[in-house]
Amino acid sequence: MDELIIYEHATFWIDNAGILFCKLTSLDAQNKLDFKIANKYIDAIVKLSNGIPRPFVIDLRDTKGTFSIAGAQVLSNALSKVSLVISEAYIVNTLSMNLLIHSYKRLYNTTIPFEIFNNDASALAYCLESKNN
C-alpha cells in the first residue's frame, strides 16, 4: 500500500497486485452519499489509478445508508467516462446493501462489469481474473 486517501467515511488505496480498494465505514443509516462526497471519491480514484485502468473492490460490509440521486449520477457518469475502472467487486454482508447495489446498477446502467460477493477472497479472485483478461 503506497498511498492511502482517507475521508470521513471512506478509505482508498491500491494493493501490491494493482487493485484499487475502497472501504466505506458509516453505521449511520441516515448517511447519504451526496454530490460533493461522490466528487471527492472520483478524485481519489483518478489520483490513485495514475492513468492505469484497474479492478475496483468496494467493501460495504461496515456501511449503512444510501446515496442521493445526484451522488449516484456523478459516480456512474464519471466511472464510465474516465475508463480507469475495468471491473467492480462489491463485498457486502446484508441483503439490503445487495439490493441497493443491484438497484443502482440497473437504474444507472453502468457499463463496468461487476459482481457482488460476501467475502474478500472471492472478490479478489474476480478482480485478478478481470485484470488478467
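Before any of the text, the structure's been laid out above.
Every chain begins its residue count from 1, and numbering advances along the sequence as written. Confidence filtering applies because this is a predicted model: local features only for residues at pLDDT of at least 70, side-chain atom pairs given and counted only at 80 or more, and all residues used for totals across whole chains, interfaces and linings. Side-chain metrics in this entry use all non-hydrogen atoms of the structure; hydrogen atoms and water are not considered.

Chemist: I would appreciate a short explanation of the sheet that holds strand β8 (residues 114-117) in the present structure.
Modeler: Each strand in a sheet pairs with another by means of backbone hydrogen bonds, the pair being arranged parallel or else antiparallel. By the convention used here, strands pair only if DSSP detects at least 2 bridges between them. Counting from the N terminus, the helices are DSSP H or I runs at least four residues long and the strands are E runs at least two residues long. Overall, mixed pairing links the six strands, which are arranged β1-β2-β3-β5-β7-β8 in an open sheet. Two strands bound the open sheet, and with one partner strand each, they are β1 (4-6) and β8. Shown here is a sheet whose adjacent strand axes are inclined to one another by a mean of 15°, direction ignored. For strand β2 (residues 10-14) and strand β3 (residues 20-26), the ladder comprises five bridges, and the chain directions are antiparallel. Within the sheet, the bridge partner assigned to A10 lies in β3 and is L24. Residues count as neighbours in contact if any of their non-hydrogen atoms are within 4.5 Å of one another. Axis lines are fitted to C-alpha atoms, over the contacting stretch for helices. Their N-to-C directions set the angle, which ranges from 0 to 180 degrees. Along the sheet, helix α1 (residues 35-49) makes contact with β1, β2, β3, β5 (54-63) and β7 (85-91), crossing β2 at roughly 15°. On top of the sheet, helix α3 (residues 95-108) reaches β5, β7 and β8; it is set at about 175° to β8, its chief contact.

Chemist: Is there a simple way to think about the side chain of S49 in this case?
Modeler: When you line up the elements, S49 lands in helix α1. Judged by its relative accessible area of 0%, S49 is buried. With residues near it in sequence (within four places) discarded, S49 still touches I14, L20, R54 and L84. We call a residue buried when its accessible area falls under 20% of the maximum for its residue type, exposed when it is over 50%, and partly exposed in between, using a 1.4 Å probe and counting protein chains only.

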